[in-house]
Amino acid sequence: MNKALYLKFLAGYLIIAVLGFFIITAGGSFFIEKHLERTISEDLYQEAHALSESDSVQNNISSSNLEGIRETLSIIADCKGTIIWVINNDGEIVLSTRVDISPSEPIPIQDFDTTQWGRNYYQVGDFYGYFDDTRLSVIAPITSEMTTRGYVSIHYPISSLYQERSGILLIMQLLFLCIYVLTFLLIFIYRRYIHRPLEQITKGASEYANGNLSYRIPVNSEDEMGYLANTLNYMSDKLNRNGEYQRKFISNISHDFRSPLTSIKGYVNAMLDGTIPPEMQEKYLKIIAYESSRLEKLTRSLLTLNELDVQKRMMHIRRFDINEVIKTTAATFEGTCTERKILLELILSGKELYARADMEQIQQVLYNLLDNAIKFSYDNSSIIIETTEKNDKIFVSVKDHGTGIPKESISKIWERFYKTDISRGKDRKGTGLGLSIVKEIILAHGQNINVISTPGVGTEFIFTLEKARER
C-alpha cells in the first residue's frame, strides 16, 4: 500500500508543531509584553498616586525636609526594583531614591512637559533623555487646593519586564512541547487503529479484484474499520458462493441436457444408418419422445426460475377459490395415480375457500408438490391434500406416504438441481428444479413453506396463503 496518507498525516503534524511553536513564541511574546506593560504600569501608577497624596510628600515638597522621606521611598523603590523621583513644579528633580540630590541644588529635566502625556499615565522610553536605557515611567501630580505643586514619578526598567516576559514565555513553550509530545501518541494511535487496518482492507480489496475471493481481511476490531472489514469479508463470501453456484449451475445444466441429447442423437443416428431395423423403431421413438419431454420440462423450469430471479414476471394478485384450483390440479394426475393405484384424498375446508394470490403461480406450486409426492410415493398408497384456516391465513398441506427425505437432506432440497437420491430408477428422474421454483414463488408472495419428513414413512409440505376478505 502506498504510504502517502500516513506521510501526509505525519508531515501535517510536524508543520503544526513548527507553526504552533512560532505562533506561541512570536504571538505569545507580543501579548505577554503588552499584558505585563499594562499591568505593571497600572500598579506603578497606583503607587505613585498614593505617594502623591501622602502627607509626608505633600507637606515636605517645598521644604528642606525631603531628605527625611528618602529612606521610606527607597524601601518602596527597592521592593519593586524601581526609581522614585519627586519633581517640583518647575520640572526639577528634588528627590531621587538612587542619587543624592540636595533640595537646594535640584536637577533640571530638559524639555520636561507634562502636557505631552495627554491622557496617558505612563510612557516607555528614556524619560526626556535622562536614562541611558529604556524605562517604563509613570507620573502622578502632587496637588493641594486645586494647585499642582509637583509630581511623583516612578521608573521601572523595561529589561526587568522583558525578563519576566521571558520567564512566562518559557513556561508556555515548555507546556506546548509537553502537550506536543503527548499528542505525538496520536501518531501511534492513527498507525495502529486506522492506518494498519486500512492497509489490510486495501490488500483485501486488491485480492478480491485479482479473483482471490477466499481471502479474509484480518481486522476484528469493533469500530468502523472492523465493520468495513467484516462487510467486505461477507461480500467476498457471497461472491465466492455465487461463483461456485454458477459453476455448479452450469455443470448441472450441461449434465441434464447432455444425457437426453446423447440418447436422442444416438437413437436417431442408429435409425438413419440402419442399426435399428424399422420394426423396432417405434420403441426407440418413444424413448426419444420421452427424452424430448424431459428437455422441454427442464427448459420450461429454467425459464420460470429466470423470470422469478430477475422479477420480469409481474404477479397478478387476485381473489380465487383455492379449493377449486386444488381439484383442477389433482385431476391432471388422475391417469398416473390410477396406473400406480395411488389414491388422492382431498380434505378441503368448506365448499369454497378464497385466497388472495397469483392463481397461476400457486397452481404451479401445487403441480410441483403433487408431482414430487406421486414420484416418491409407493404404489397402492395415498396422498392427502388438505386446506385449513387460521388467523386470516390458509394452510395448504400435501402429504404422501412414500420414501421420505433423509434428515441430512432436508435443508438442501430447496437448492437448484439438488436430488436426494441420484441412484433412483429412471422413472424418478427429474430436473431438481421443482422445489426451488416452489420456494421462490411462496417467498415472492411473502408467505412460508415448511417440510416434515420421515424416511420410509412419508413427507408433508405445508405452505401458507393470504386469505381473501369477504366481499
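Basis of the calculations
- Residues numbered from 1 in each chain as written.
- Predicted model: local features only at pLDDT ≥ 70, side-chain atom pairs only at ≥ 80, totals over all residues.
- Heavy atoms only, no water.
- UniProt positions renumbered as here; feature names shortened; annotations may be inferred.
- Helix = DSSP H or I, 4+ residues; strand = E, 2+ residues; numbered from the N terminus.
- Buried < 20%, exposed > 50% of the residue type's maximum accessible area, 1.4 Å probe, protein only.
- Contact = heavy atoms within 4.5 Å.
- Areas by Shrake-Rupley, 256 points an atom, 1.4 Å probe, with all protein chains shown as cover.
- Pairing = 2+ DSSP bridges.
- Axes fitted to C-alpha atoms, helices over the stretch in contact; angles between N-to-C directions.
- Phe/Tyr/Trp six-rings, centres within 6.5 Å; stacked < 30°, edge-to-face > 60°.
- Lys NZ or Arg CZ within 6 Å of the ring centre and 35° of its normal.
- Patch = residues over 30% accessible without salt bridge, like charges linked within 9 Å, V, L, I, M, F, W, Y side chains within 5 Å.
- Salt bridge = Lys/Arg side-chain N within 4 Å of Asp/Glu carboxyl O.
- Expected span 1.5 Å × (residues − 1).
- pLDDT = per-residue confidence, 0-100.
- Parallel < 35°, antiparallel > 145°, perpendicular 65-115°, else oblique.
- Nonpolar A, V, L, I, M, F, W, Y, C, P; charged D, E, K, R; others polar.

- Looking at an unreviewed UniProt entry, the protein carries the name histidine kinase, with the source organism given as Candidatus Blautia faecavium.
- The Catalytic activity (unreviewed entry) comment attached to the protein in UniProt states, word for word, "ATP + protein L-histidine = ADP + protein N-phospho-L-histidine."
- UniProt lists a comment for the protein under the heading Subcellular location (unreviewed entry), and it reads "Cell membrane".

**Overview of the overall build of the protein**
- From N to C terminus, the protein includes eleven helices and 13 strands.
- Expressed as a percentage of its 471 residues, the buried residues of the protein come to 38%.
- Counted over contacts in the protein with a minimum sequence separation of 6, partners at least 24 positions apart contribute 65%.
- Taken as a whole, the protein presents about 27,900 Å² of accessible surface, with 55% of it coming from carbon and sulfur.

**Considerations on the UniProt feature "transmembrane region" (unreviewed entry) in the protein**
- Following the UniProt record, one finds the feature "transmembrane region" (unreviewed entry) at residues 12-32 and 168-190.
- Helix makes up 100% of residues 12-32 and strand 0%. Its end C-alpha atoms lie 28 Å apart.
- The span residues 168-190 carries 96% helix and 0% strand; its end-to-end C-alpha distance comes to 33 Å.

**Digging into the sheet that holds strand E6 (residues 147-157)**
- Strand order in the open sheet formed by six strands is E3-E2-E1-E6-E5-E4, with antiparallel pairing between adjacent strands. The two strands at the open ends of the sheet, each matched to only one other strand, are strand E3 (107-108) and strand E4 (122-125).
- The sheet contact formed by strand E2 (residues 92-96) and E3 spans two bridges and is antiparallel. Counterpart to Ile93 in the pairing with E3 is Ile107.
- Strand contacts of helix H4 (residues 158-183): E4, strand E5 (135-144) and E6, with the helix running at about 45 degrees to E6, the strand carrying the most contacts.

**Here we look at the packing of aromatic side chains**
- Overall, the coordinates contain 16 aromatic pairs when judged by the stated rule.
- Where Phe30 meets Phe31, the ring centres are 5.3 Å apart and the plane angle is 80 degrees; that geometry is what we call edge-to-face.
- Given the relative accessible area of 58%, Phe31 is considered exposed.
- Taking 5.2 Å as the distance between ring centres and 80 degrees as the angle between the ring planes, the aromatic pair formed by Tyr130 and Phe131 counts as edge-to-face.
- Under the relative-accessibility criterion, Phe131 is labelled buried at 9%.
- The ring of Phe131 has Arg135 sitting right over it, with the charged end atom 5.0 Å from the ring centre.

**As for a nonpolar patch on the surface**
- A contiguous nonpolar surface patch, about 780 Å² in accessible area, is contributed by Leu182, Phe184, Leu185, Leu186, Phe188, Ile189, Tyr193 and Ile194.
- Tallying contributions element by element places helix H5 (residues 185-209) first for the nonpolar patch, with six residues.
- The topology assignment puts Tyr193 in helix H5.
- By relative accessible area, which is 44% here, Tyr193 ends up partly exposed.

**Details of helix H10 (residues 359-375)**
- Between the first and last C-alpha of H10 there are 24 Å, a value that for 17 residues agrees with the 24 Å anticipated at 1.5 Å per step.
- Within H10, the full set of buried residues consists of Gln361, Ile362, Val365, Leu366, Asn368, Leu369, Leu370, Asp371, Asn372, Ala373, Ile374 and Lys375.

**Description of the pattern of salt bridges**
- Across all of its chains, the model carries ten salt bridges by this definition.
- Its salt-bridge partner being Asp43, residue Lys80 comes within 3.3 Å of it at the nearest N-O pair. One end of the pair, Lys80, is in helix H3 (residues 67-80); the other, Asp43, is in helix H1 (residues 4-52), with 37 residues separating them in the sequence.
- What makes Lys80 partly exposed here is its relative accessible area of 29%.
- When the shortest N-O distance is used, the salt bridge between Lys286 and Glu282 registers 4.0 Å. Of this pair, Lys286 and Glu282 are both found in helix H7 (residues 281-310), four residues apart, which corresponds to roughly one turn of the helix. In this pair, the class of Lys286 matches that of Glu282, namely exposed.

**Describing the confidence of the model for the protein**
- Overall, the predicted model of the protein reaches an average pLDDT of 82, with 86% of residues at or above 70.
- Scored below 50 in pLDDT, residues 422-428 shows seven contacts in the model against residues more than four places distant or in partner chains.

**Some points on the packing of H4 against H5**
- Packing of H4 against H5 brings their axes to within 4 Å, and their N-to-C directions diverge by 10 degrees. By the angle class used here, H4 and H5 are roughly parallel. Along its contact with H4, which presents Val181, Leu182 and Thr183, the element H5 presents Leu185, Leu186 and Ile187.
- Broken down by class, the residue content of the contact of H4 with H5 amounts to five nonpolar, one polar and no charged.

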